[in-house]
Amino acid sequence: MVIDSELQDRLAQARELLAACRRVAAFSGAGLSAESGLATFRDPDPDALWSRFDPTELASVAGFEENPQRVIDWYNWRRRRYAGVEPNPAHRALAAQPRMIQITQNVDNLLEQAGVAPQQVYHLHGSILHDRCHNPDCDQREAIDPATPQALRDCPRCGDRMRPAVVWFGENLPEATWMRAQSLCMALDCLLVIGTSATVYPAAGLISLARRHHSRVIVVDPNPGAAGDEADVCLAGSAAEVLPTLLDGFELASGT
Ligand code: OAD
């Protein structure tokens, strides 16, 4: 791993900033899992999912109701790609911070696989490794083995369709998790923003919420977009490269 001298300087600045902080949380997006081999959504990379597929067909209630088979086939294709995927050094560096809350837009479970306690991970966009009933009044939920995902099927409890337990465009975020994430961001010394284009709201609004409540912001992203504009320190490198160095020796005090 070679880190250029400009990034080295910024890393030193970010480490100094972090060392003075007691309340630190992470807010991550698809870039965190990129080096585990999972495609992001909006990179210039031609593999990015929304360069190849139409989110209105595949990630909306209208798209599901119009053609549920197409949606389930696409999610099952994605799920098979998740089978056998491993956490990368960025997940492991975060997992080495047992007191740090992980707010994530990612629907994978690589933070948990790396050793973060499930209650420390706030999944704002749900889980691709579960199905739930499409009927909002039914609480049927099932774990999915990504190697052998289940075909389109009806809910065994109410007869509506089962669907991936992810948040689609136009849907609300899981309310309790979203409330917890907002409260946390109103009481931070520093928000560590990792690998997100910060374009999907309301999740992306956590960065400015934290800033309005006097939190500092450190961004880790090789192509920092909107998040970079809000950063006190912007580390333009890959998460797997930068986070292990950034967090080496850092430890949140208890009670944070
Ligand atoms: P995006 O694909 O929009 O952004 C990914 C970000 O990761 C970009 O800023 C990249 O520069 C950065 N990136 C790429 N490789 C990286 C690496 N190795 N290390 C660090 N950063 C890297 O993904 P999100 O911001 O997560 O919604 O997208 C937000 C939401 O849009 C997703 O949760 C998803 C999607 O529609 C749902 O699934 C509901």
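Residues numbered from 1 in each chain as written. Predicted model: local features only at pLDDT ≥ 70, side-chain atom pairs only at ≥ 80, totals over all residues. Heavy atoms only, no water.

*Asks:* Lay out the sheet that holds strand β5 (residues 141-143) in plain terms, naming residues and giving numbers.
*Replies:* The sheet built from 3 strands is open, its strands ordered β5-β4-β6 with antiparallel pairing. Single-partner strands in this sheet number two, and they are β5 and β6 (162-166). Averaged over all pairs of adjacent strands, the angle between strand axes in this sheet comes to 40°, irrespective of strand direction. (Pairing = 2+ DSSP bridges. Helix = DSSP H or I, 4+ residues; strand = E, 2+ residues; numbered from the N terminus. Axes fitted to C-alpha atoms, helices over the stretch in contact; angles between N-to-C directions.)

*Asks:* Outline the domain arrangement of the protein chain, supporting the account with residue identities and numerical values.
*Replies:* Looking at the protein chain, the domain boundaries give domain 1 (1-38 + 86-125 + 174-256) and domain 2 (39-84 + 126-166). Relative to domain 2, the C-alpha centre of domain 1 lies at a distance of 26 Å. Buried area between domain 1 and domain 2, both sides added, is near 1,100 Å², and the carbon and sulfur share of it is 57%. By the criterion of area lost to domain 2, the three top residues of domain 1 are Ala30, Leu38 and Val107, representing 49% of everything that side buries. At the boundary of domain 1 with domain 2, the tally comes to 0 salt bridges. In this structure, the connection of domain 1 to domain 2 is made through 1 residue pair in polar contact (both at pLDDT 80 or more). Of the residues in the side of domain 1 that touches domain 2, the class split is 6 nonpolar, 9 polar and 2 charged. (Domains from an automatic or database assignment. Buried area = accessible area lost by both parts, 1.4 Å probe. Salt bridge = Lys/Arg side-chain N within 4 Å of Asp/Glu carboxyl O. Polar contact = N/O pair within 3.5 Å; in protein donor to acceptor, adjacent residues only side chain to side chain. Nonpolar A, V, L, I, M, F, W, Y, C, P; charged D, E, K, R; others polar.)

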